[in-house]
Amino acid sequence: MSAKPTLQSFIAGEWIGQTADKTLTSAINGKAVFHTHAEQLDFGRSLDFAHSKGRKSLLALDFQSRASTLRALGKYLIDNKESLYAISHHTGATRTDSWIDIEGGVATLFAYASMGRNNLPSGNVLHEGAATQLGKQGQFFGSHILVPRQGVAVHINAFNFPIWGMLEKFAPNFLAGMPCIVKPASQTSYLTEACVRLMAQSGLLPEGALQLVIGSTGDLLNRLDSQDVVTFTGSASTANMLRATPNLLNNAIPFNAEADSLNCAMLAEDVTPDDVEFDLFIKEVAREMTVKAGQKCTAIRRILVPENLVDAVSEKLSARLAKVTVGDPTIEGVRMGALASMDQQRDVAEKLEALKASSEVLFGRGTEYSAQGDGTDKGAFFEPTLLLNSSPDQEGGAHDIEAFGPVSTIMPYRDSAHALALAARGKGSLVTTLVTKSPEIAAEVVPAMAVWHGRVHILDEASSKESTGHGSPLPMLKHGGPGRAGGGEELGGIQGVKHYMQRSAIQGSPTMLTAVTGEFIRGAKTIDNPIHPFRFHFDELQIGQSLLTHRRTVTEADIVNFGCLSGDHFYMHFDEQAACDSMFEKRIAHGYFVLSAAAGLFVDPGVGPVLANYGLDTLRFVNPVAIGDTIQARLTCKTKIDQGKQSPKGDPHGVVSWDVEVTNQHGELVASYDILTLVQKSS
Ligand code: NDP
């Protein structure tokens, strides 16, 4: 029995694993640090637990309360982050590398917490409106709803981001309301295990929402059914093998893959060595080669450079790489740590040998150098290595071989069209960076790049100070690329949550659709109450509660007064002749006057539970309002969202949106919009 701790799986609410199995070594010095466990896991029990407990406890909450839980979990992890940093360096990571993994992961929780609060409703049904009228009489509509899938999300992750890799998948699936089972890559699973322990200790995780598998997934994939989802990050070969699991195919189980990606960066032809952008390019490429020792799915593997700048780029980049101190990441001043394991070191060395068949080495001695620190000769270090492929049109080489480490290849190009052809040789990538000063070049190159890349990062002097960089996937932007990159999609804001939900088209009368979606749809039965809707507290208001106002005839004096008050003397309102020549053939009232007059019709002026009006959505002026027209407004409670928030004075309140229809004397719609208010709760 080894003295090194044995990691445990977290299955059905229990920590399982006493007997040591595979030894996991420190990337810095090759010493044993942890073991996986030898116990076989009962995945039938794990799935039953996820279905019976996890799903139930998650759906006892709603989108809004799950968003609040994500925020609280994020805070708990930040408060306890040092325990994660304390072991992260064993993966070969510097403090900066660990920051990306640990705090970048937590930032994803915070981002989804806030996107959930701002964009998702109360309850567990997400209406993807607006509803479309399908019948002429306005009593048959169609729309879409999304509901949490009734299964389990299985997340299989790569070794390079043991925490971010888990949390970037967990956050959207948790918000959607699906339980998950996380399987980290064994080599760095100690960090994922430590993070899951913290999450469990926080007491914030609903029972069964998260389970952890250390080691093999056994028969898990064969036990899944059509409501489950599998996500995968890792090599293309494993992705393809798992994607083809007969049970996944037979049950149409979604399989989302992020796989190897031969990302490129392009220095545009307009940039000269004297430009700021030239230095930005060098800095970005060097950073992408050395952060996480180049073990990022987004790292720049191919450097596309105009033919006449190859020497200048080679020289500058080599000089920059020469300044990178490689060694034990716990030593002050070390800028690049080790690869994650000796296996990875061997793999990168082999891939480098293969790349040499098409490229010459400009910088780097591979493993033939001394990294800083005691015992590092037994560690998985690899010096940054820069290659030059002078014949990039040939098949193979860096277009096909991914050395998953600090290795990148310069490729000269003749013109933009040639550069785009070379970029496409990657056969689908997660991300590319274009460095240019020219908006015209960006407009030409980016759409062509977008066909082959999941994300296109444009870098120039203006964006450089705030740019989050080539290599950072962001929660609000899509992560995933076509073809070789796996063809998957993750993150991308609320879109990322929808991957864990089932979209269904719904059809029926507006009253039925209102009941199902929890959102008032015009044409539905309204609840007309003699008491003004603004007199009701948030919890007392009902969707569909409505007010039809008195009428008002618009006069020329209204237009003149409004013009003088606002300073808006647009010809359509004040120039009789020009207005007659216009498409309306007469003077019309300001749209903003109609809006203001409608507020005058529907607002109840007394002090009451409506605390604030914070904006308008979907405003359309549908028909003109002329002098002599008579307008009337209908105000209807459209949606209610309980974000669990309080006003600065401590009043608990919720968000209420109101549907507003302004009509004329013929019953025609003249203005249409939603107003957004904060309404106090009764207690
Ligand atoms: P792998 O594809 O070998 O493994 C990825 C994950 O799949 C790990 O959790 C692994 O678990 C698991 N896995 C492997 N086989 C099975 C199986 N039969 N059933 C279920 N799960 C399985 O990738 P690595 O992490 O070892 O990285 C290898 C290469 O992948 C890198 O060199 C790099 O080229 C690429 N990569 C790409 C990334 C991307 O995002 N595009 C990220 C990281 C790596 P276990 O570790 O226990 O075997």
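Below or above, wherever it landed, is the structure these notes cover. (Residues numbered from 1 in each chain as written. Predicted model: local features only at pLDDT ≥ 70, side-chain atom pairs only at ≥ 80, totals over all residues. Heavy atoms only, no water.)

From N to C terminus, the protein includes 21 helices and 27 strands. If one aligns the C-alpha atoms of the protein with their principal axes, the spans along those axes are about 90 × 60 × 50 Å. Counting only residues that meet the buried cut, the protein has 56% of its 683 residues in that class. A distance of 5 Å separates the average location of the 59 positive side-chain charges in the protein from that of its 74 negative side-chain charges. (Helix = DSSP H or I, 4+ residues; strand = E, 2+ residues; numbered from the N terminus. Buried < 20%, exposed > 50% of the residue type's maximum accessible area, 1.4 Å probe, protein only. Lys, Arg positive; Asp, Glu negative; His and termini not counted. Charge placed at Lys NZ, Arg CZ, Asp CG, Glu CD.)

The environment of the ligand is made up of 25 residues, and the closest members are Asn-157, Ser-186, Ser-235, Ala-259 and Glu-402. Contacts to the ligand include Thr-238, whose side-chain N or O atom sits 2.7 Å from an oxygen atom. One of the side-chain nitrogen or oxygen atoms of Glu-402 is found 2.5 Å away from an oxygen atom of the ligand. Out of a free accessible area of 880 Å², the ligand has 79% covered by protein chains. Only strand E10 (229–233), helix H8 (236–243) and helix H12 (342–356) provide two or more residues apiece to the shell around the ligand. If you tally residues by element for the shell around the ligand, the top one is H8, at three residues. (Near = heavy atom within 4 Å. Polar contact = N/O pair within 3.5 Å; in protein donor to acceptor, adjacent residues only side chain to side chain. Areas by Shrake-Rupley, 256 points an atom, 1.4 Å probe, with all protein chains shown as cover.)

This structure, assessed with the given rule, holds 30 salt bridges. Between Asp-400 and Lys-427 there is a salt bridge whose closest N-O contact spans 3.0 Å. Linking Asp-400 in the loop between strand E15 (385–388) and strand E16 (407–413) with Lys-427 in the loop between helix H13 (416–424) and strand E17 (429–435), this pair joins segments that are 27 residues apart in sequence. Salt-bridge contacts for Arg-522 lead to Asp-659; the nearest nitrogen and oxygen are separated by 3.0 Å. (Salt bridge = Lys/Arg side-chain N within 4 Å of Asp/Glu carboxyl O.)

All right, on to the nonpolar core then. Core analysis: the biggest nonpolar cluster contains 56 residues, and Leu-70, Leu-167, Phe-170 and Met-199 have the highest contact counts within it. When residues in this core are grouped by element, the largest group, eight residues, is from helix H5 (residues 164–176). If we ignore the near neighbours within four places in the chain, the residues touching Met-199 are Leu-73, Leu-77, Met-166, Leu-167, Phe-170, Leu-205 and Leu-210. Listed in part, the 36 residues of the second largest apolar core include Met-266, Val-348, Tyr-413 and Val-445. (Core = buried A, V, L, I, M, F, W, Y, C linked by side-chain atoms within 4.5 Å. Contact = heavy atoms within 4.5 Å.)

A separate point is the packing of helix H2 (residues 63–79) against helix H4 (residues 95–119). Two elements in contact, H2 and H4, have axes whose closest approach is 8 Å; the angle formed by their N-to-C orientations is 155°. When the axis of H2 is compared with that of H4, the two are roughly antiparallel. Considering how the two elements wind past one another, H2 and H4 form a crossing that is left-handed. Contacts from Gln-64, Ala-67, Ser-68, Leu-70, Arg-71, Leu-73, Gly-74, Lys-75, Leu-77 and Ile-78 of H2 reach H4 at Glu-103, Val-106, Leu-109, Phe-110, Tyr-112, Ala-113, Ser-114, Gly-116 and Arg-117. Residues belonging to the contact of H2 with H4 are distributed by class as follows: ten nonpolar, five polar and four charged. (Axes fitted to C-alpha atoms, helices over the stretch in contact; angles between N-to-C directions. Parallel < 35°, antiparallel > 145°, perpendicular 65-115°, else oblique. Left-handed = near helix turned anticlockwise from the far one by under 90°. Nonpolar A, V, L, I, M, F, W, Y, C, P; charged D, E, K, R; others polar.)

Following the criterion strictly, the structure yields ten aromatic pairs and no others. Above the face of the Tyr-85 ring, Arg-95 is positioned so that its terminal group lies 3.6 Å from the ring centre. Residue placement shows Lys-292 over the ring face of Phe-161; its charged tip is 4.7 Å from the ring centre. (Phe/Tyr/Trp six-rings, centres within 6.5 Å; stacked < 30°, edge-to-face > 60°. Lys NZ or Arg CZ within 6 Å of the ring centre and 35° of its normal.)

Bringing unusual backbone geometry into the picture now. Note that the residue after Gly-129, namely Ala-130, is joined by a cis bond; omega there is 0°. If you trace the backbone, Ala-130 turns up in strand E5 (residues 126–133). Phi angles above zero are rare outside glycine, and Lys-427 is one such case at about 60°.

All right, on to the sheet that holds strand E25 (residues 630–646) then. For sheets, the rule is that strands pair by backbone hydrogen bonds, running either parallel or antiparallel. Ordered in space as E22-E23-E25-E26-E27-E24, the six strands form an open sheet in which the pairing is mixed. Looking at which strands have only one partner, the edges of the open sheet turn out to be strand E22 (527–528) and strand E24 (610–621). Inspection of the sheet shows E24 paired to strand E27 (residues 669–680) by eight bridges, in the antiparallel sense. Of the residues in E27, the one forming a bridge with Ala-612 is Leu-678. (Pairing = 2+ DSSP bridges.)

Interpretation in functional terms is not warranted from these geometric data alone.
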